[in-house]
Protein chains: 2
Amino acid sequence: MNFIPGWVRNYQKAWLSGDIVAGVIVTVMLIPQSLAYALLTGLPPEVGLYASILPIIAYAMLGSSMTLAVGPVAVASLMTASALQPLAAAGSPDYVALAMLLSLLSGGMLLLFGGLRLGFLAHFLSHPVISGFISGSAVLIAVGQVKHLLGVKAGGNDVFDTVVQLIHAAPGTNLVTLGIGAGSVLFLMLARKSLSPWLVRLGASPRLADIASKLAPMLAVMVSTALVAAMRWDQTAGVSIVGTVPQGLPQLGLPAVSMASVGSLWLPALLISLVGFVESVSVAQSLALKRQQRIQPNRELLGLGAANLASALSGGFPVTGGFARSVVNFAAGANTPLAGVISAVLMGVVIAALTGLFHYLPHAVLAATIIVAVVSLIDVETLRDAWHYDKADAMALLATAGGVIAFGVEVGILMGVALSLGTLVWRSSHPHIAVVGRVPGTEHFRNVTRHTVNTEPGLIAVRVDESLYFANSDALLDRVEELVAAQPDTRHVLLVCSAINQIDTTALGVLTDLERSLAQRGAALLLSEVKGPVLDRLQGTELGQRLEGRIFLSTHAAFEYARQAGSMVGRYGDPAAAI
Amino acid sequence: MNFIPGWVRNYQKAWLSGDIVAGVIVTVMLIPQSLAYALLTGLPPEVGLYASILPIIAYAMLGSSMTLAVGPVAVASLMTASALQPLAAAGSPDYVALAMLLSLLSGGMLLLFGGLRLGFLAHFLSHPVISGFISGSAVLIAVGQVKHLLGVKAGGNDVFDTVVQLIHAAPGTNLVTLGIGAGSVLFLMLARKSLSPWLVRLGASPRLADIASKLAPMLAVMVSTALVAAMRWDQTAGVSIVGTVPQGLPQLGLPAVSMASVGSLWLPALLISLVGFVESVSVAQSLALKRQQRIQPNRELLGLGAANLASALSGGFPVTGGFARSVVNFAAGANTPLAGVISAVLMGVVIAALTGLFHYLPHAVLAATIIVAVVSLIDVETLRDAWHYDKADAMALLATAGGVIAFGVEVGILMGVALSLGTLVWRSSHPHIAVVGRVPGTEHFRNVTRHTVNTEPGLIAVRVDESLYFANSDALLDRVEELVAAQPDTRHVLLVCSAINQIDTTALGVLTDLERSLAQRGAALLLSEVKGPVLDRLQGTELGQRLEGRIFLSTHAAFEYARQAGSMVGRYGDPAAAI
């Protein structure tokens, strides 16, 4: 493995301008977002900034996407908050240390999975379940930020609890805060909806207009900060502000590790890693497809793992590839991860010299940015499509979203994983099994219920359209038993193995039992069209020995064998079976 | 649904003698086993007897197996002990109440799963994982019983802990207890190994000899009880005995239910239900196969659920179908669940009138029965077979067994489920994908790497040998991207759908993305051999609309289309592609 990434070795001058422009634009988005997601997580604002420097550089060295923008994101922040809140007081030094530890664990797990090439782990979550999870989290996040808009204290682990607390706290609303917050929400929603078309009408190119509209949060931050600073609303009206943000680059160091903390954080770390990885890969892949580039899931694991390790070592919290910033990075013309590196350097300048500018930044504006950002994540389209296409998927989506909203983010994601896997097991435990017969005058064999075919008396020929393994072998057994029970004069049961790519140990045992039980009833099991690798493995087994002479290359040969065996015992009499 | 079971309605006189003999023999096995498993669980002896009356009758009403013997079993007892020990002192009234609650929860879950027809849940566990789990549990149980053989106090949650404690306690060994215990172990092992052949040599029929050898535990119980009672070893030598077992039928009543207990017991209840169900169904199925009978998994869920509910209501603990007693029941000639009902009635007589006989029964003999019974559950054969046949399965078996031994029964089974599902996801996330070409002069299409076939320039034809869903659709996408990247002049990508029985929402999204990304590069996606149900569903989707005119009945038609489209743009030039 070469330690200098490919994009550095092959860097072309023509890429530079795009990377610089994208790097600058993403930085302007990243500043308010990193502060906002630190607020969402219950961490001091500088932690958000820390998480936006080294992790980006670490990802640039190891990741495979050219345009993914790594850093703090909404859903991982929510999951972090939900993991840490039972363990320490939000914002306390313990809380910060636990956030670093969580990031360390998550980084270690991702690197381990990458080293073990476990990129396939992403497949534990189906798209509807992820969509439901994100929509549910978005609702949870948005409702959780309303307190900052009102300037009151309220909090709960689920949506209902939070709403009740908000209603109780509502009489204490700070009207100036509400004005700033609600004003920002309105402005940001308007900017998202109308700024881009309006700029186009003024003569801007659609792409430029689109990018400019993404910078509205920074504008809201600047205007509101200036306003609060000028009017001193923090003192005269009690508006909650960010306050002093420590200046200076993050210190490198390991977080405190205790066995007790690891014990409570490993499961959240695993879930954050899994969800972050899946989200990140799907964003990176959809962008890569547009430019005919490739994403390598195992390298993404390494890249994200390194990013989280870097975050842990530099005082940050769990990071992953974010949807909105990646899309803007791509649209703004980023060609390589250099765009990210530029953005990391700029963030370094901000934290080394400019944190004083955030002193008067009101929390309400950050909450407004969060709310507007996450509301756009609520994904009704996938639900609608799934509802029309596959009700089971739609139900899984709704259950996951409902689980997150009603029971919180961990129970929700676990419900989602369980539902994804439950569906997988359910579907694969119901393989398609067809009884086949000969298409008259040919050596082709088709489903008897869909084609006009000839069957052989005393022979039941079934084709399973899936590999046989523990989840579906009983279904085959049941079906064959059913068929044999319905035709007690069966002398041969032929299993057409054309679609069987693998037979696991459980299925091998089931087939062995089936062969033995058929033999006891005077019927023989035949196999046809067994694929090479499957046949090789069968050879050494008890079943392979018992089946000797009864494994046929073609279904035709097996039919011929059954016909001759049948005629030898005088059972051949159906003219329809003649070719 | 008819409330009188089929076997009652159609009962034939000829079945009666078999049922009576089997009922009596099973009872003779059940008495020592029910006392022993109560000891293993840490419950008073009468609880084992209670769990052997009503549950059998409840199963007889609802279950589908004719020969399954339901009641206390070793593994479920171990799992029960492991769930209850952190919550209450073994043997205390709280402990008994929690055991009833666990049985209630397990019964409720099983009935719920049965009502929802979730019999497929059994497929969450592969055969090697179950085998590893049982072997690991057997080791854990056997080691845990050694203290009773030595007459010392020792206990731990895992094997190493227990062994260390035993070594520390060994100097306090009670030699009389050890004599009774070790003598019983020797006698029982000898009986298991040699009694049956010896009886055959004496002229007994093999079946009779086999059954008689299963009655050795009862003999050991009778002889040792008589010995202890005669010598008063409980007082003169400090031998631990069962003591007074309350006489009288169990009182019906609901266990105390508190939210806190339900919170700590739901997961163990789920695991006990799952493991018990899987074990029970596999025993019932292997017996049913021998007589060409059928097992209905969903009815098994109802039967076992009712049995556990009955156990909870009559002061018992979790029960399921046991391996050893079921095999004896079958061999002794049981024809219907009447054998079980007879055995329940006999157990009722024992507990109503004969519990005084157990007073002097030494614990060491019960421990010896348990040890000899579970040692025979250690399944080296499956490990050896799996090792030769499929290393992945063998590793899953070892990991599960090791997990149980090192971390206890709950962690072990969770590791097993995770490994089973991990293997399933891993395997199905690597579907077999073949690039196909035309067998010269035919309308057949085969894998290019295994057959001499002709391909069409500008056309990539791939066949996926599995349904497309969330766990494998990315693999298809990756493969197609790889192929297209290697042949940049590709104009058509044909997906041969002959093996695709289902496309879930996630896979539909992936195909839609693929079609769009190919279109951007000037290549068209074609489908052929799409199955009816898959096609029907595609119609209403965006992908279906975009693919209009490009879905072909046969691969041949799709190849022709690609050839003509290719020739129209002047790209046709490879004579090998001509039919």
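- Chain A appears in an unreviewed UniProt entry as SulP family sulfate permease from Acidovorax delafieldii.
- Quoted verbatim from the Subcellular location (unreviewed entry) field of the UniProt record, the comment on chain A reads "Membrane".

**Considering the relation of the copies chain A and chain B**
Part 1 of the reasoning: When chain A is brought onto chain B, the operation consists of a screw motion whose angular component is 180° and whose axial shift is 0.0 Å, with 0.1 Å RMSD remaining. A rotation of that kind, with that shift, is consistent with a two-fold axis. Distance from the rotation axis, computed per C-alpha, reaches its smallest value in chain A at Glu-466 of chain A: 3.1 Å.
Part 2 of the reasoning: Most of the interface of chain A is mirrored in chain B: 100% of its interface residues are interface residues there too.

**Notes on the sheet that holds strand S6 (residues 492-496) of chain B**
Residues and elements named next belong to chain B.
Part 1 of the reasoning: Sheet architecture is open: six strands sit in the order S4-S3-S5-S6-S7-S8, paired in mixed fashion. Edge positions in the sheet fall to strand S4 (445-447) and strand S8 (551-552), since each of these pairs with one other strand and no more.
Part 2 of the reasoning: Pairing analysis gives five bridges linking strand S5 (residues 459-464) to S6, with the strands arranged parallel. What sits directly across from Arg-463, in S6, is Val-496.
Part 3 of the reasoning: Seen against the sheet, helix H21 (residues 473-486) touches strand S3 (433-438), S5 and S6 and runs at an angle of roughly 160° to S5.

**Comments concerning the interface of chain A and chain B**
Accessible area lost upon the coming together of the parts is a frequently used measure of interface size.
Part 1 of the reasoning: With 56 residues of chain A at the contact, the number on the chain B side is 56 residues.
Part 2 of the reasoning: Between chain A and chain B, a total of about 5300 Å² is buried, with carbon and sulfur atoms accounting for 60% of that surface.
Part 3 of the reasoning: If you look at where chain A meets chain B, you find four salt bridges.
Part 4 of the reasoning: At the junction of chain A with chain B, the criterion picks out eleven residue pairs in polar contact (both at pLDDT 80 or more).

**A look at the packing of helix H9 (residues 175-201) of chain B against helix H10 (residues 206-213) of chain B**
All names here are of chain B.
Part 1 of the reasoning: Packing of H9 against H10 leaves a shortest axis separation of 8 Å and a crossing angle of 145°. The chirality of how H9 crosses H10 is right-handed. The residues of H10 that touch H9, namely those facing Ala-191, Leu-195, Ser-196, Leu-199 and Val-200, are Pro-206, Ala-209, Asp-210, Ala-212 and Ser-213.
Part 2 of the reasoning: Classifying every residue of the contact of H9 with H10 gives seven nonpolar, two polar and one charged.

**Considerations on the packing of aromatic side chains**
Part 1 of the reasoning: Counted under the stated rule, the structure contains nine aromatic pairs over all chains.
Part 2 of the reasoning: With 5.0 Å between their ring centres and 50° between their planes, Phe-552 of chain A and Tyr-561 of chain A make a pair best called tilted.
Part 3 of the reasoning: With a relative accessible area of 31%, Tyr-561 of chain A lands in the partly exposed category.
Part 4 of the reasoning: Arranged with centres 6.4 Å apart and planes meeting at 80°, the rings of Tyr-469 of chain B and Phe-470 of chain B form a pair that is edge-to-face. Exposure class is identical for Tyr-469 of chain B and Phe-470 of chain B. Each is buried.
Part 5 of the reasoning: A connected cluster of aromatic rings, assembled from ring pairs, spans Trp-7, Tyr-11 and Trp-15 of chain B.
Part 6 of the reasoning: Its guanidinium or amino end placed over the ring of Phe-330 of chain A, Arg-291 of chain A lies 4.2 Å from that ring's centre, counting from NZ or CZ.

**Quick word on the UniProt feature "domain: STAS" (unreviewed entry) in chain A**
Part 1 of the reasoning: UniProt's feature table lists "domain: STAS" (unreviewed entry) at residues 449-562 of chain A, given in the numbering used throughout.
Part 2 of the reasoning: Span residues 449-562 of chain A is 45% helix and 16% strand, its end C-alpha atoms 21 Å apart.

**Examining the sheet that holds strand S7 (residues 524-528) of chain A**
Residue and element names in this part refer to chain A.
Part 1 of the reasoning: If you trace the six strands from one edge of the open sheet to the other, you get S4-S3-S5-S6-S7-S8, paired in mixed fashion. Each edge of the sheet is formed by a strand with only one pairing partner; in this case those strands are strand S4 (445-447) and strand S8 (551-552).
Part 2 of the reasoning: Pairing of strand S3 (residues 433-438) with S4, which is carried by three bridges, proceeds in the antiparallel orientation. Residue pairing in the sheet places Arg-438 in a bridge with Phe-445 of S4.
Part 3 of the reasoning: Strands in contact with helix H21 (residues 473-486) are S3, strand S5 (459-464) and strand S6 (492-496); relative to S5, the strand with the most contacts, it is inclined by about 160°.

**Considering helix H11 (residues 216-231) of chain B**
Residue and element names in this part refer to chain B.
Part 1 of the reasoning: Between its first and last C-alpha atoms H11 spans 22 Å; for 16 residues at 1.5 Å apiece the expected length is 22 Å, and the two agree.
Part 2 of the reasoning: Looking only at H11, the buried set comprises Ala-216, Pro-217, Met-218, Ala-220, Val-221, Ser-224, Thr-225 and Val-228.
Part 3 of the reasoning: In this structure, the buried side of H11 is in contact with helix H2 (16-41), H9, H10, helix H12 (233-236) and helix H17 (363-375).

**Here's the deal with the domain arrangement of chain A**
Part 1 of the reasoning: Domain boundaries assigned for chain A yield domain 1 (18-249 + 258-424) and domain 2 (433-577).
Part 2 of the reasoning: Domain 1 of chain A and domain 2 of chain A are separated by 55 Å when their C-alpha centres are compared.

**A closer look at the pattern of salt bridges**
Part 1 of the reasoning: Tallied over the entire structure, the rule returns 24 salt bridges over all chains.
Part 2 of the reasoning: Across the salt bridge formed by Lys-531 of chain A and Asp-465 of chain B, the nearest N and O atoms sit 3.1 Å from each other. Residue Lys-531 of chain A is located in the loop between S7 and helix H23 (532-539), and its partner Asp-465 of chain B is located in the loop between S5 and H21; the two belong to separate chains.
Part 3 of the reasoning: Exposure remark for Lys-531 of chain A: the relative accessible area of 12% places this residue in the buried category.
Part 4 of the reasoning: Take Asp-465 of chain B: its relative accessible area is 4%, and that puts it in the buried class.
Part 5 of the reasoning: Through salt bridges with shared partners, a single ionic network connects Arg-438, Glu-560 and Arg-563 of chain A.

**Some points on the pairing of S3 of chain B**
Residues and elements named next belong to chain B.
Part 1 of the reasoning: Burial analysis of S3 places six of its six residues in the buried class, the great majority of the element.
Part 2 of the reasoning: In S3, alternate side chains face the same way, and those of Ile-433, Val-435 and Gly-437 on one face and Ala-434, Val-436 and Arg-438 on the other are all buried.
Part 3 of the reasoning: With three bridges joining them, S3 and S5 adopt antiparallel strand pairing. When the bridges of S5 are listed, Ala-434 appears paired with Arg-463.
Part 4 of the reasoning: Remark: six residues form the turn of the hairpin made by S3 and S4, two consecutive strands paired antiparallel; Gly-441 in that turn has positive phi of roughly 75°.

**A closer look at helix H7 (residues 127-150) of chain A**
Residue and element names in this part refer to chain A.
Part 1 of the reasoning: Between the first and last C-alpha of H7 there are 35 Å, a value that for 24 residues agrees with the 34 Å anticipated at 1.5 Å per step.
Part 2 of the reasoning: Of all the 24 residues making up H7, 19 are buried; the element is thus mostly covered by neighbouring parts of the structure.
Part 3 of the reasoning: The first or second residue beyond H7 is Gly-151, which carries a positive phi of 70°.

**Observations concerning the confidence of the model for chain A**
Detailed reading of the predicted model is not advised wherever pLDDT is low.
Part 1 of the reasoning: Chain-level pLDDT for chain A is 88 on average; 97% of the residues reach the 70-or-more range.
Part 2 of the reasoning: Low confidence marks residues 569-579 of chain A, where pLDDT is under 50. Its contacts with residues over four positions away, or in another chain, come to 23 contacts.

**Focus on the side chain of Asp-19 of chain A**
Residues and elements named next belong to chain A.
Part 1 of the reasoning: Among the structural elements, Asp-19 can be located in helix H2 (residues 16-41).
Part 2 of the reasoning: It turns out Asp-19 is buried and unbridged, and the closest side chain with the opposite charge, Arg-291, is 7.1 Å from it.
Part 3 of the reasoning: Within the structure, the side chain of Asp-19 is placed 2.6 Å from the backbone nitrogen of Asn-335, a separation counted as a polar contact.
Part 4 of the reasoning: Beyond its immediate stretch of four places on either side in the chain, Asp-19 contacts Tyr-11, Gly-333, Ala-334, Asn-335, Thr-336, Leu-338, Ala-339 and Ile-342.

**Quick look at the environment of Val-28 of chain B**
Residues and elements named next belong to chain B.
Part 1 of the reasoning: Positionally, Val-28 belongs in helix H2.
Part 2 of the reasoning: Separated by 187 residues in the primary sequence, Val-28 and Leu-215 place their C-alpha atoms 6.8 Å from one another.
Part 3 of the reasoning: Those residues in contact with Val-28 that sit more than four places away from it in its chain are Leu-215 and Met-218.

**Some remarks on the environment of Gly-322 of chain B**
Residues and elements named next belong to chain B.
Part 1 of the reasoning: Its place among the elements puts Gly-322 in strand S2 (residues 320-322).
Part 2 of the reasoning: Given the relative accessible area of 5%, Gly-322 is considered buried.
Part 3 of the reasoning: When the C-alpha atoms of Gly-322 and Leu-354 are compared, they prove to be 24 Å apart, with 32 residues separating the residues in sequence.
Part 4 of the reasoning: In this structure Gly-322 touches Ala-69, Val-73 and Val-283, once residues within four positions along its chain are discounted.

**Focus: the pairing of S5 of chain A**
Part 1 of the reasoning: For S5 of chain A, a buried count of six out of six residues is recorded, marking the element as mostly surrounded by other parts of the structure.
Part 2 of the reasoning: Alternating positions in S5 of chain A separate into two faces, Leu-459, Ala-461 and Arg-463 of chain A on one and Ile-460, Val-462 and Val-464 of chain A on the other, with burial throughout.

**Quick word on unusual backbone geometry**
When glycine is set aside, most residues are seen to have a negative phi, and most peptide bonds are trans.
Part 1 of the reasoning: For Glu-529 of chain A, which is not a glycine, the phi torsion comes out positive at approximately 55°.
Part 2 of the reasoning: Within the element layout of this structure, Glu-529 of chain A appears in the loop between S7 and H23.

The rules behind the values
- Residues numbered from 1 in each chain as written.
- Chains lettered and ligands numbered in written order.
- Predicted model: local features only at pLDDT ≥ 70, side-chain atom pairs only at ≥ 80, totals over all residues.
- Heavy atoms only, no water.
- UniProt positions renumbered as here; feature names shortened; annotations may be inferred.
- Least-squares fit on C-alpha atoms with pLDDT ≥ 70 in both.
- Contact = heavy atoms within 4.5 Å.
- Pairing = 2+ DSSP bridges.
- Helix = DSSP H or I, 4+ residues; strand = E, 2+ residues; numbered from the N terminus.
- Axes fitted to C-alpha atoms, helices over the stretch in contact; angles between N-to-C directions.
- Buried area = accessible area lost by both parts, 1.4 Å probe.
- Salt bridge = Lys/Arg side-chain N within 4 Å of Asp/Glu carboxyl O.
- Polar contact = N/O pair within 3.5 Å; in protein donor to acceptor, adjacent residues only side chain to side chain.
- Left-handed = near helix turned anticlockwise from the far one by under 90°.
- Nonpolar A, V, L, I, M, F, W, Y, C, P; charged D, E, K, R; others polar.
- Phe/Tyr/Trp six-rings, centres within 6.5 Å; stacked < 30°, edge-to-face > 60°.
- Buried < 20%, exposed > 50% of the residue type's maximum accessible area, 1.4 Å probe, protein only.
- Lys NZ or Arg CZ within 6 Å of the ring centre and 35° of its normal.
- Expected span 1.5 Å × (residues − 1).
- Domains from an automatic or database assignment.
- pLDDT = per-residue confidence, 0-100.
- Lys, Arg positive; Asp, Glu negative; His and termini not counted.

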